[in-house]
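Descriptive structure summary
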Amino acid sequence: LQLLLLFTTSFTVNSQSIINAYAKVTKIGSRKQLTVSNVNIANHTFVVGQKVVVMQMQDNVIGSNTNNNSNFGNLSSIANAGSYEVALINAVSPASGTPTMITLSANLVNTYNINTNSSVQVITFRNLGATYTTTNTITGLAWDGNVGGVVAMEVNGNLTMNHAIHADRIGFRGGNPSDDA
């Protein structure tokens, strides 16, 4: 049994553990070489043989609908926003320390846009074993405009939830409220 959990909103709790590493993808070469920046490996690392999630967090779809009127932000499509896939790491460079390049074992299936108003990230896809019992609330890094906002994990058998999986307030920041009527 493979369990893919991707959370962007959930419950409120106090004691939490972040289980993923995150990196912004700044370039995709040969459909499997990911140049990365904004790497956060404080809670996990990118290693050869490990699964990762490659995810299009944002895509430039507002286009010209940026005038101060009722059409502001109207979208004709969401383009690739929300597209994701699970891949396997074939190489990490440099081999130790903070990676700048992650090479996947196979070409990406989806198309990902990396331009001014688009954002793609790669997230470690933790395998927690054949059976796993939570010892703390699981959460993720808060989205900062480059990385975060996702919790990804795999359990091959039984997952016993003694604690919550918490993603409340780690997703997109949203805009500032307006008092204009």
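The coordinates are above.
Presented here is a report on the structure given in the accompanying data block. Within each chain, residues carry numbers counting from 1 in the order of the written sequence. It should be noted that, the model being predicted, local features are given only for residues of pLDDT at least 70 and side-chain atom pairs only at 80 or more, the latter also being counted only at that level, while totals for whole chains, interfaces and linings use all residues. The side-chain numbers reported here are obtained from all heavy atoms of the structure, hydrogens and water having been left aside.

**Some thoughts on the overall build of the chain**
Counted only if it meets this: Helix and strand definitions follow DSSP, with helices as H or I runs of at least four residues and strands as E runs of at least two, each counted in order from the N terminus. Classification of residues uses two cut-offs on accessible area relative to the type maximum, computed with a 1.4 Å probe and protein chains only: under 20% is buried, over 50% is exposed, and between them is partly exposed. When checking whether two residues touch, look at their non-hydrogen atoms; a contact exists if any pair is within 4.5 Å. In these tables, accessible area is a Shrake-Rupley quantity obtained with a 1.4 Å probe, and a residue counts as shielded only by the protein chains included in the view.
The number of helices and strands found in the chain is zero helices and twelve strands. Ordered by position from N to C terminus, the α and β elements of the chain give β-β-β-β-β-β-β-β-β-β-β-β. By the burial criterion, 37% of the 181 residues in the chain qualify as buried. Across the chain, every contact between residues at least 6 apart in sequence was considered, and the portion connecting residues at least 24 apart equals 77%. For the chain, the computed accessible surface area is about 9800 Å², with 47% contributed by carbon and sulfur atoms.

**Observations concerning the nonpolar core**
Selection rule: The definition of a nonpolar core used throughout is a set of buried Ala, Val, Leu, Ile, Met, Phe, Trp, Tyr and Cys residues joined through side-chain atoms within 4.5 Å.
Membership of the largest hydrophobic core comes to 17 residues, with the highest contact counts inside it found for Leu-34, Phe-46, Val-54, Ile-102, Leu-104 and Val-122. Breaking this core down by element, the ones donating at least two residues are strand 2 (22–29), strand 3 (33–40), strand 4 (51–58), strand 5 (84–93), strand 6 (101–104) and strand 7 (119–124). Judged by nonpolar contacts, the second largest core, of eleven residues, contains Tyr-22, Phe-125, Leu-141 and Val-147.

**With respect to the environment of Ala-95**
Positionally, Ala-95 belongs in the loop between strand 5 and strand 6. We classify Ala-95 as exposed; its relative accessible area is 80%. Put simply, Ala-95 and Phe-46 are 49 residues apart on the chain and 9.7 Å apart in space, counted from C-alpha to C-alpha.

**Comments concerning the pairing of strand 2**
The line we're drawing: Following DSSP output, two strands are said to pair if at least two bridges run between them.
In this structure, strand 2 lies alongside strand 3, joined through six bridges in antiparallel fashion. Note on strand 3: the bridge partner recorded for Lys-27 is Thr-35. The hairpin turn running from strand 2 into strand 3, its antiparallel successor, is three residues long, and Ser-30 in that turn takes a positive phi close to 55 degrees.

**Some details on the sheet that holds strand 4**
Counted only if it meets this: Here, axes are lines fitted to C-alpha atoms. For helices the fit covers the stretch in contact, and angles between N-to-C directions go from 0 to 180 degrees.
Taken in spatial order, the six strands of this closed barrel run 2-3-6-5-4-7, and their pairing is antiparallel. Strand-to-strand twist across the sheet, computed as the mean angle between neighbouring axes with direction ignored, equals 45 degrees.

**A short note on unusual backbone geometry**
Ser-93 connects to Pro-94 through a cis peptide bond whose omega is -5 degrees. As for its placement among the helices and strands, Pro-94 is situated in the loop between strand 5 and strand 6. With phi around 55 degrees, Ser-30 is a residue other than glycine that occupies positive phi space. Tracing the backbone shows Ser-30 in the loop between strand 2 and strand 3.

**What to know about the pairing of strand 4**
Among the eight residues in strand 4, six count as buried, and that is most of the element. The pairing of strand 4 with strand 5 spans five bridges and is antiparallel. In the strand pairing of strand 5, Val-54 is matched with Glu-85.

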